[in-house]
Amino acid sequence: MPLLKLFRFVGVSEGEHSVLIVVHAVNCTAKVRFALDNDIFLAAAWSPDGRAIAYIRADIPNAAHVVLETKDLEDGKTRILLTDSNLERGGVANVLWLPDGRILFGLYTNSIPGCDLWALTLDPSGTTVGKPERLTNTTGLDIANLNASADGKRVAVLSVRGSFALFVANLDRTGVKLEQPIRLTNDSWNNWPGTWTPDSQTLFYGSERGKISVYKRRISSDSAELFLAGPGNYVLWGLSQDGRWYIATVDRKVTGKRRLLRVPVSGGTPETILIPDGEAEVHCATAGSPICVLSEFLGKQIVFSTLDPIQGRVHLRGWNRRTGVNDSEADAKCRSRIFKQRPALGI
């Protein structure tokens, strides 16, 4: 059995592949390396005897494809233990293999943050025994790190709690210093800034309260109003070209549930524009020509479409998200203009 503490897992990208390398911490020599065709490595752990690795891999554009898997380092065989989109959140995951054969891992809840510790029991052949067992039941905590004593009888869990508040401020004449900051949110929820009204007096923002809803807050007001909510997670992206609609998405990372919506500027019932083919974002220019662009992640490609709130997709162009190769110079100009307007809401 190797001295496991002397080895570290290093995940790197090599061309089209995500590569996991087991590196000696002292002399930096590689003991093991293997690659995935499409997924990326998020976390890894040694088996107690050092002959296998447990790891979590994910196809980030496809939020439903997150897998906990083991790999025998002698014969190269892999075994899928669990497939669950909640194994990761924002590219973060945790896994630990105990001497008694149990594999510990974090499973995120619908709360952001919110992650509990679970366990899977393996028999000597590496096959799962029974169903995953929940070990913790917390609220508002994320697992940052896992560690165990040599005998596996004690486990240390580093958890973090955080909330995001919103502020607005003026820029000084030099453009490098904020002046007179005003706090817009005084709650303990996680809040993310979204888009502004054309007069720059009202901010729409996402607030996670079990599910992500959209609120609006006028700068001169002391309170916020609920603008868009429901059973899913909503993101408001921007104002349509005709100034009549706000463009929004619901459950944009969930296959089979994601929808692109238009919402009347005055508020009211959202209407479906289309069902995106992949994880979708919308970016609307706030200066120059009034244009909104829909981007959809389809495998290794990002497909860009000019978006009309009534007709849906108008023009289609593709861009390889790994190589950066685009269809035309016009695409590059389009992306440059749109992404400069990209809101900070990355949900």
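Rules and cut-offs
Residues numbered from 1 in each chain as written. Predicted model: local features only at pLDDT ≥ 70, side-chain atom pairs only at ≥ 80, totals over all residues. Heavy atoms only, no water. Disulfide = S-S within 2.5 Å. Buried < 20%, exposed > 50% of the residue type's maximum accessible area, 1.4 Å probe, protein only. Core = buried A, V, L, I, M, F, W, Y, C linked by side-chain atoms within 4.5 Å. Helix = DSSP H or I, 4+ residues; strand = E, 2+ residues; numbered from the N terminus. Contact = heavy atoms within 4.5 Å. Pairing = 2+ DSSP bridges. Axes fitted to C-alpha atoms, helices over the stretch in contact; angles between N-to-C directions.

A.B. asks: Please give an account of the state of the cysteines that cites residues and values.
C.D. replies: Summed over all chains, the structure comprises one disulfide. Note on cysteine connectivity: C284 is disulfide-linked to C292, with sulfurs 2.1 Å apart. Between C284 and C292, the S-S dihedral sits near 110°, and the bridge is therefore right-handed. Comparing C284 with C292, the two get one shared label, buried.

A.B. asks: Explain the nonpolar core to me, and be specific about the residues and the numbers.
C.D. replies: Among the nonpolar cores identified, the biggest contains 21 residues, and I56, L68, L87, V95, I103 and F105 are the most heavily contacted of them. When residues in this core are grouped by element, the largest group, four residues, is from strand β5 (residues 52-58). Setting aside residues up to four positions removed in sequence, I103 forms contacts with A54, L68, T70, L81, V95, L96, W97, W118, A119, L120 and L122.

A.B. asks: Describe the sheet that holds strand β6 (residues 66-72), listing the residues and the values that go with them.
C.D. replies: Sheets are built from strands that pair by backbone hydrogen bonding, the pairs being arranged parallel or antiparallel. Sheet architecture is open: four strands sit in the order β4-β5-β6-β7, paired in antiparallel fashion. Across the chains shown, the open sheet's two edge strands, defined by having one partner strand only, are β4 (40-46) and β7 (78-83). Here the average twist between neighbouring strands, direction ignored, is 25°.

A.B. asks: Talk me through unusual backbone geometry; I want residue IDs and the actual numbers.
C.D. replies: Unlike most non-glycine residues, Q180 shows phi in positive territory, near 50°. With respect to the helices, strands and loops of the structure, Q180 is situated in strand β15 (residues 178-183). Exposure remark for Q180: the relative accessible area of 61% places this residue in the exposed category. Even without being a glycine, S200 presents a positive backbone phi close to 60°. By secondary structure assignment, the location of S200 is in the loop between β16 (190-196) and β17 (202-209). Take S200: its relative accessible area is 45%, and that puts it in the partly exposed class.

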